[in-house]
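# Per-entry structural report
Below, each chain spelled out in residue letters.
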Amino acid sequence: GGGAEGAPTPAGSVDSPDADDASAAAAAAMAAGVPAARRQSASLSSWASLLLEAPVLRRSARTVVTGPPLSVVEPPFDVVMHAAPSVRLGEVLFVGYTIRNKRPLPEKVRVVVEASEAFVINGRTQHVVEILAGRSLRLDFSLVPLNAGDQPLPLVRITWERERTTVLESRQQRVFVC
C-alpha cells in the first residue's frame, strides 16, 4: 500500500508497508513464483525489489456494478402551487396544485396531504386522479390555521402511479397567519 488509506499505489512505488501489505506482498510474490529462499530472506529494505517482480497490488474505492440497462425518464408532470402568502387566523386558506401531464398518454397521480399541527385540513386528504395527455388538472385544498405567525403548510406528496415515483414533495412551504 501507500499514501492515504484507500488510495491506489502507483506501479513500482513502495511506502513503508504495514503488516497487511507485507502479507499481501508475500502472497503475491508466492503466486508470481518468487523462490522461497528469496521470499524468506527479504528484509524491509528489499521489499521494493520483491514487489517489482510481483504483480502490482492496488487498493481501489471504485465499484463496478453490472445490471440491466437504465433508461432516464424526464419527469412527466409540471406542478405549480397556488396559495395566498397570508391568511387571518380562523379563516379558510385555499391551496391549489395545478398538475400538467406532459406525456402523450393519460397518466394517474396520487396526491396525499399529510396531517399538520398548524392547520385543520377540510375534506379529503388523498386523491388518485387521471390526467389526460397534454392536459392539466387543478386540485384545491382548504386549510384553517390554528396558530398565528409564520406557519408551515402541510406536506403534499404527488406520486406518479405507473412508475411509483414521487413527482413532488412540498417541503418548506410556509404562510403567514395574522
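Higher on the page you've got the structure.
Structure report, in brief.

Reading the values: rules and limits
- Residues numbered from 1 in each chain as written.
- Predicted model: local features only at pLDDT ≥ 70, side-chain atom pairs only at ≥ 80, totals over all residues.
- Heavy atoms only, no water.
- Pairing = 2+ DSSP bridges.
- Helix = DSSP H or I, 4+ residues; strand = E, 2+ residues; numbered from the N terminus.
- Core = buried A, V, L, I, M, F, W, Y, C linked by side-chain atoms within 4.5 Å.
- Buried < 20%, exposed > 50% of the residue type's maximum accessible area, 1.4 Å probe, protein only.
- Contact = heavy atoms within 4.5 Å.

Strands belonging to one sheet form pairs held by backbone hydrogen bonds; the direction of such a pair is parallel or antiparallel. Taken in spatial order, the 3 strands of this open sheet run β2-β11-β8, and their pairing is mixed. With one partner strand each, in any of the chains shown, β2 (86-87) and β8 (149-152) form the two edges of the open sheet. Pairing analysis gives 2 bridges linking β2 to strand β11 (residues 174-177), with the strands arranged parallel. Along β11, the bridge assignment pairs V87 with V177.

Core analysis: the largest hydrophobic core is formed by 23 residues, its most contacted members being L93, I99, V109, V111, F119 and L153. Within the residue set of this core, elements represented by two or more residues are β3 (93-101), β4 (107-113), β5 (119-122), β6 (126-131), β7 (136-145), β9 (156-160) and β11. Considering every element that reaches this core, the biggest residue donor is β3, with 4 residues. Sequence-distant contacts of L153, defined by excluding residues within four places in its chain, comprise M81, L93, V95, F119, L143, Q173, R174 and V175.

Another aspect to go through is the pairing of β6. Within a regular beta strand, the side chains point alternately toward one face of the sheet and then the other, so they alternate between its two faces. Alternating positions in β6 separate cleanly, H127, V129 and I131 being buried on one face and Q126, V128 and E130 remaining unburied on the opposite face. Pairing of β4 with β6, which is carried by 6 bridges, proceeds in the antiparallel orientation. In the sheet register, E107 faces β6, and the bridge partner there is I131.

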